[in-house]
Amino acid sequence: MESLSRASITNPGTLSPTSSSASYFLFPRRFRRSNGFSSFSGNLRRIVSRGRVRAEIEKPNAREIDFSDPEWRIKYQKDFERRFNIPHITDVFPDAKPIPSTFCLRMRTPVSEDFAGGYPSDEEWHGYINNNDRVLLKTINFASPNSAGAVCIDPDCTWVEQWVHRAGPREKIYFKPEEVKAAIVTCGGLCPGLNDVIRQVVITLEIYGVKSIVGIPFGYRGFSNSDLSEMPLSRKVVQNIHLSGGSLLGVSRGGPSVSDIVDRMQEKGINMIFVLGGNGTHAGANAIHEECRKRKLKVAVVGVPKTIDNDILLMDKTFGFDTAVEEAQRAINSAYIEAHSAYHGVGIVKLMGRHSGFIAMHASLASGQIDICLIPEVPFQLHGPHGVLTHLKYLIETKGSAVVCVAEGAGQNLLQKTNATDASGNMVLGDIGVHIQQETKKYFREIGVHADVKYIDPTYMIRACRANASDGILCAVLGQNAVHGAFAGYSGITVGICNTHYVYFPIPEVIAYPRPVDPNSRMWHRCLTSTGQPDFI
Ligand SMILES: Nc1ncnc2c1ncn2[C@@H]1O[C@H](COP(=O)(O)OP(=O)(O)OP(=O)(O)O)[C@@H](O)[C@H]1O
Ligand SMILES: O=P(O)(O)OC[C@H]1O[C@](O)(CO)[C@@H](O)[C@@H]1O
Ligand SMILES: [Mg+2]
């Protein structure tokens, strides 16, 4: 936030368009994290013109832009390149010497069953990518800030190329496989696909020739609890784990300090760590990376973003999200059948999404059975002439039934604050689903109209299931790329899919704040077209 206020003060002439009705809208306070790891310094704003959102404006956190400077575009690009540069072992160990990669595509059958000795190969070319390969982050050239869904850097929406690092195996590696002890840890809540990623990380490590691979039990807690011992992992152990949901290793929230984690890593001799988790976990991973650098440890810390909420910045999607949307269809369909079969039936389904309404939006659009979709990013009222309840009455009178899909973080302003936090410091939310159910029943009772209200909360059923085929593929690619990134000597990075290509991001860039649904995006517009819902304000 601070950098934004600064921006509008230092650049009044450039950041406020000359049109007198234009102003800048900052993301609301509800997007701020409660556990304090990131301050939501916010590099996104919206141009609001005559009360309507025109475009999202983006700018680098570190530097203010003077758009009257003819060089601003080049300067922006340079700054972007700096921000998206991925930290490398040689930043701290300039003398570190690379060796030819041991990763091979064309292999001979290993001599022994446990793959000891790695995979022999006579081939020299193994599909390596070049260190200078880049992927374009944004692919639409918006001709106008008025174009729906426009995300712009300057008020004119000038086209600026933004390149990020391509993921994949490199020809040279910075770790000798026989000197690697790799660890995998899964943190936060469950998410479909965790086992798929663990499996691919292990398999790929073995292909490089790593023999010492362990799982840390129950998230970061596994580093502090003396009664939890590390789990040896191999292809044999992980072969079938993707056939079930959950995490082979277990998950947790909270846990030891970063310094304690790095102490344990040093004791255990871990020099490569794969961290699967959401924004909290990644904040931890980045702090571990920084601490290792401070202690001059040659360690690769690589994240794989895990959140069914899909709230990690800059990526097409995170693994597990597709599965969650698909699984949500069963809950929505049940709510629809219940509502449709009852006299004046109202079905209410609550789906996950603490800060972001992606699951609710996509599940509503996919089902075609939702009349009202409520997400955290779009304020609404329950009561009053424009409220949700009045619209429900209208739907019952005109259609005979209605189905509502609400994201867990929606309408928190309508609920009493709990002020409670979980072990990781995340705010415990009020239950908006139960609230809407109660208010709906009360409303129809008070106006003397019969309504048969049924409420479904499938939260943990959606999270615990195994990944579908599309997530299975995503997990496989992310898991493999995480290992390639570590061997290539990168640390403090995470893997992601970007315009269907796979990339490495520096961790801080993807967790600056939870990625929200943009109410000005085409996807939200499509959802509104599908539900036919009005504004509830
Ligand atoms: N700023 C931070 N620095 C270090 N560790 C952190 C930080 N924030 C969270 N963590 C740790 O990361 C782990 C996971 O955090 P959290 O419970 O917020 O889940 P998450 O990774 O955001 O996943 P989910 O999407 O399920 O919420 C916890 O063990 C927590 O202690
Ligand atoms: O009940 P738990 O395990 O704390 O997890 C709940 C949270 O996890 C998430 O699914 C994210 O992983 C949120 O949508 C949800 O609020
Ligand atoms: Mg989180």
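Shown above is the structure to which this text applies.
Note that the structure is predicted; figures quoted are calculated from it, not measured.

Colleague: Can you help me understand the state of the cysteines in this one?
Modeller: Between two cysteines, a covalent bond joining their sulfur atoms is known as a disulfide. Taken as a whole and assessed by the stated rule, the structure comprises 1 disulfide. In this structure C498 is not part of a disulfide, and its nearest cysteine sulfur, from C157, lies 18 Å away. On the accessibility criterion, C498 (1% relative accessible area) is buried.

Colleague: Any chance you could explain the packing of aromatic side chains here in plain terms?
Modeller: The relation between two aromatic rings is expressed through the spacing of the ring centres and the mutual angle of the planes. Under the criterion given, the structure shown has 8 aromatic pairs. Taken together, a centroid distance of 4.8 Å and an interplanar angle of 85° make the contact between F67 and W72 edge-to-face. We classify F67 as buried; its relative accessible area is 16%. In textbook terms, an aromatic cluster arises when at least three aromatic residues are bridged by ring pairs, as seen for Y76, F80, F84 and F505.

Colleague: How should I be thinking about the side chain of H165 in this particular structure?
Modeller: Tracing the backbone shows H165 in strand 7 (residues 163–166). With sequence-adjacent residues up to four places away left out, H165 is seen in contact with F84, N85, I86, N131, D133, R134, Y502, V503 and Y504.

Colleague: It is not clear to me how the site of ligand 2 should be interpreted in this structure. Could you clarify?
Modeller: In the vicinity of ligand 2, the contacting residues are R253, D309, M352, G353, R354, E408, Y460 and R463. Contact distances for ligand 2 include 2.5 Å between an oxygen atom and a side-chain N or O atom of E408. In isolation ligand 2 offers 400 Å² of accessible surface; the protein chains occlude 78% of this area.

Colleague: Mind showing me how you'd approach the packing of helix 10 (residues 358–367) against helix 16 (residues 522–531) here?
Modeller: Geometrically, a packed helix pair is captured by the angle between its two axes and the distance between the axes. The N-to-C vectors of helix 10 and helix 16 enclose an angle of 45°; their axes lie 9 Å apart at closest approach. Classed by the angle they form, the pair helix 10 and helix 16 counts as oblique. Crossing geometry of helix 10 relative to helix 16 is assigned as left-handed. From helix 10, M361, H362, S364 and L365 reach across to helix 16, where they touch M523, W524, R526, C527 and S530. Looking at the contact of helix 10 with helix 16, its residues break down into 5 nonpolar, 3 polar and 1 charged.

Colleague: Before we go on, may I ask you to explain the pairing of strand 12 (residues 272–277) in this structure?
Modeller: Side-chain positions along a regular strand alternate between the two faces of the sheet. Across the 6 residues that make up strand 12, a large majority, 6, are buried. Of the two faces of strand 12, the one carrying M272, F274 and L276 and the one carrying I273, V275 and G277 are both buried. Sheet topology places strand 9 (residues 181–186) next to strand 12; 5 bridges connect them, and they run parallel. Its bridge partner lying in strand 12, A183 is registered against I273. Pairing analysis gives 6 bridges linking strand 12 to strand 13 (residues 300–305), with the strands arranged parallel. From the neighbouring strand, L276 faces strand 13, where its bridge partner is V304. Following the chain from strand 12 across helix 8 (residues 279–294) to the adjacent parallel strand 13, one finds a crossover that is right-handed.

Colleague: Please explain the packing of helix 9 (residues 321–341) against helix 10 as it appears in this structure.
Modeller: Closest axis-to-axis distance for the helix 9/helix 10 pair is 9 Å, and the angle between their directions is 55°. Taken as axis vectors, helix 9 and helix 10 run oblique relative to one another. Our pair here, helix 9 against helix 10, has a crossing hand that is right-handed. Of helix 10, the residues touching helix 9 (which contributes F321, A324, V325, A328, Q329 and I332) are F358, I359, H362, A363, S364, A366 and S367. Looking at the contact of helix 9 with helix 10 residue by residue, the class counts come to 9 nonpolar, 4 polar and no charged.

What counts and what doesn't
- Residues numbered from 1 in each chain as written.
- Chains lettered and ligands numbered in written order.
- Predicted model: local features only at pLDDT ≥ 70, side-chain atom pairs only at ≥ 80, totals over all residues.
- Heavy atoms only, no water.
- Disulfide = S-S within 2.5 Å.
- Buried < 20%, exposed > 50% of the residue type's maximum accessible area, 1.4 Å probe, protein only.
- Phe/Tyr/Trp six-rings, centres within 6.5 Å; stacked < 30°, edge-to-face > 60°.
- Helix = DSSP H or I, 4+ residues; strand = E, 2+ residues; numbered from the N terminus.
- Contact = heavy atoms within 4.5 Å.
- Near = heavy atom within 4 Å.
- Polar contact = N/O pair within 3.5 Å; in protein donor to acceptor, adjacent residues only side chain to side chain.
- Areas by Shrake-Rupley, 256 points an atom, 1.4 Å probe, with all protein chains shown as cover.
- Axes fitted to C-alpha atoms, helices over the stretch in contact; angles between N-to-C directions.
- Parallel < 35°, antiparallel > 145°, perpendicular 65-115°, else oblique.
- Left-handed = near helix turned anticlockwise from the far one by under 90°.
- Nonpolar A, V, L, I, M, F, W, Y, C, P; charged D, E, K, R; others polar.
- Pairing = 2+ DSSP bridges.
- Right-handed = clockwise from strand over helix to strand, strands pointing away.

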